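Examining the three-dimensional arrangement
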Amino acid sequence: SQTIHQWPATLVQPVGSPLSLECTVEGTSNPNLYWYRQAAGRGLQLLFYSVGIGQISSEVPQNLSASRPQDRQFILSSKKLLLSDSGFYLCAWSAVRASEAFFGQGTRLTVV
Amino acid sequence: GQQVMQIPQYQHVQEGEDFTTYCNSSTTLSNIQWYKQRPGGHPVFLIQLVKSGEVKKQKRLTFQFGEAKKNSSLHITATQTTDVGTYFCAGPGANNLFFGTGTRLTVIP
């Protein structure tokens, strides 16, 4: 069966520090991968999606970036965090483009 | 750009009362999906509707896809405390899913 792992679960980082969140999927090949951000009590904002290794599409211009170095690995990064980067970051995968999505447990990031 | 709006944003109901959330898209959708996110948790897929006018049921939950495939609804009959959470609809874009704004349901025991 397929599983998705996302870590860490919680993270407190100072303003200006770098960020690296990792997400891996097991049990499937060539998944579509997504990074979403959810502000407290708000909806899901799509940040990045990837249909294959090295293929990243950005939905929202910001100081975040994403990379897909391996088929089932998706990384969200920032060189310098801003206060406004605080939120709940969710990684997700789907077998087919825009089909049923399976989410990781999420990372709750607080930038202080 | 594609937008998926949901109403209401919040809903407080007494346990046993019914609940409905509505989803409206600015464009025609090939399908619509519904997700539930428990407080502190991550979204979990509930169902997908594909056909115009389709109605699907999961126990006390009834999902409907509009005839024009631009709107959808989720109705919960006789809510229970286990129904608390935020319900999202989602529509497919070219390569990804666009989530609605969500409806947060609170059930008062």
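Residue and element names in this part refer to chain B. Within the secondary structure, Thr79 is located in the loop between strand S8 (71–76) and strand S9 (85–92). A sequence separation of 29 residues divides Thr79 from Ile108, and the C-alpha atoms of the two residues are 9.5 Å apart. Beyond its immediate chain neighbours, meaning those up to four positions away, Thr79 contacts Val13, Gln14, Glu15, Gly16, Glu17, Asp18, Phe19, Arg60 and Val107.

Another point: the sheet that holds strand S1 (residues 4–7) of chain B. All names here are of chain B. If you walk across this open sheet you meet the 5 strands as S1-S3-S8-S7-S6, and the pairing is antiparallel. Strand pairing shows two members of the sheet lacking a second neighbour, S1 and strand S6 (55–58), which therefore form its edges. Direction aside, the axes of adjacent strands within the sheet are offset by 15° on average.

Let us look at the state of the cysteines. Summed over the entire model, instances satisfying the criterion amount to 2 disulfides over all chains. Two residues share a disulfide in this structure: A:Cys23 and A:Cys91, whose sulfurs sit 2.0 Å from each other. Between A:Cys23 and A:Cys91, the disulfide has an S-S torsion of -75° and is therefore left-handed. Linking A:Cys23 in strand S3 (residues 19–26) with A:Cys91 in strand S9 (residues 87–94), this pair joins segments that are 68 residues apart in sequence. Put simply, B:Cys23 and B:Cys89 are joined by a disulfide, and their sulfur atoms are 2.0 Å apart. Its S-S torsion of approximately 75° makes the covalent link between B:Cys23 and B:Cys89 right-handed.

In this complex, chain A contributes 22 residues to the contact, which on the side of chain B involves 21 residues. Regarding the contact of chain A and chain B, the summed buried area is about 1,600 Å², with carbon and sulfur atoms giving 55% of it. Ranking the residues of chain A by area buried against chain B places A:Leu44, A:Ala98 and A:Phe103 at the top, with a combined share of 29%. If you look at where chain A meets chain B, you find 3 residue pairs in polar contact (both at pLDDT 80 or more). Elements with a contribution of two residues or more to the side of chain A that touches chain B: strand S4 (32–38), strand S5 (44–52) and S9 of chain A. Looking at the side of chain A that touches chain B element by element, the count peaks at 4 residues for S5(A). Each residue belonging to the side of chain A that touches chain B can be placed in one class, and the counts come to 11 nonpolar, 6 polar and 5 charged.

This next bit is on the sheet that holds strand S8 (residues 73–78) of chain A. All names here are of chain A. Taken in spatial order, the 4 strands line up as S1-S3-S8-S7 in an open sheet, and their pairing is antiparallel. Among the strands making up the open sheet, the edge pair consists of strand S1 (3–7) and strand S7 (64–70). The average undirected angle you get between the axes of adjacent strands in this sheet is 15°. Note: S3 against S8, 6 bridges, orientation antiparallel. Opposite Leu19, over in S8, you have Ser78 as the bridge partner.

All names here are of chain A. One number sums up the size of the largest pocket: a volume of about 950 Å³. Taken together, 44 residues form the lining of the largest pocket, with Gln38, Ala39, Arg42, Gly43 and Leu44 sitting closest to its centre. Of the residues contributing to the lining of the largest pocket, the split by class is 18 nonpolar, 20 polar and 6 charged.

Bringing the packing of aromatic side chains into the picture now. Residue and element names in this part refer to chain B. This model, assessed by the stated rule, comprises 12 aromatic pairs over all chains. Between Tyr35 and Phe99 the ring centres are 5.1 Å apart and the planes differ by 55°, which places this aromatic pair in the tilted class. With a gap of 64 residues between them, Tyr35 in strand S4 (residues 32–37) and Phe99 in strand S10 (residues 97–99) connect regions that are remote in the sequence. Each member of the pair Tyr35 and Phe99 is classed as buried. Plain terms: the ring middles of Phe88 and Phe99 are 6.3 Å apart, the flat faces sit at 85° to each other, and that makes the pair edge-to-face. With Phe88 in strand S9 and Phe99 in strand S10, this residue pair connects regions lying 11 residues apart in the sequence.

Calculation rules
- The written sequence of each chain sets the order in which its residues are numbered from 1.
- Chain letters and ligand numbers both follow the written order, the letters beginning at A and the numbers at 1.
- Local features in this predicted model are restricted to residues of pLDDT 70 or higher, and side-chain atom pairs are both shown and tallied only at a pLDDT of 80 or more, whereas totals for entire chains, interfaces and linings draw on every residue.
- Hydrogens and water are ignored here; the side-chain numbers use all heavy atoms of the structure.
- Put simply, DSSP H or I for four residues or longer makes a helix, DSSP E for two residues or longer makes a strand, and each gets a number counted from the N terminus.
- Contact definition: two residues touch when any of their heavy atoms are within 4.5 Å.
- Here, strands pair whenever DSSP counts at least two bridges between them.
- Axis definition: a line fit to C-alpha positions, over the contact stretch in the case of helices; interaxial angles, taken between N-to-C directions, run 0 to 180 degrees.
- Cysteine sulfur atoms that come within 2.5 Å of each other are treated as a disulfide pair.
- Take the accessible area each of two parts loses on contact, using a 1.4 Å probe, and add the two losses: that sum is the buried area.
- Definition of a polar contact: a pair of N or O atoms within 3.5 Å, with one able to donate and the other able to accept a hydrogen when the atoms are protein atoms, and with sequence-neighbouring residues admitted only if both atoms are side-chain atoms.
- Gly is put with the polar residues, along with every residue not named as nonpolar or charged; the nonpolar set is Ala, Val, Leu, Ile, Met, Phe, Trp, Tyr, Cys and Pro, and the charged set is Asp, Glu, Lys and Arg.
- In this analysis the probe radius is 1.4 Å and the grid spacing 1 Å, with only protein atoms considered; a cavity is a set of points the probe fits into but cannot get out of, a pocket is an open set with protein on both sides within 12 Å along at least five of seven lines, and lining residues have an atom within 4 Å of a point.
- Grid points are joined across faces, edges and corners, and a volume is the space filled by probe spheres set on the points.
- A pair of Phe, Tyr and Trp rings is counted when the ring centres sit within 6.5 Å of each other, with Trp represented by its six-membered ring. The angle between the planes then sorts it: under 30 degrees is stacked, over 60 is edge-to-face, the rest tilted.
- Accessibility here uses a 1.4 Å probe with only protein chains present; expressed as a share of the type maximum, an area under 20% marks a residue as buried, one over 50% as exposed, and anything in between as partly exposed.

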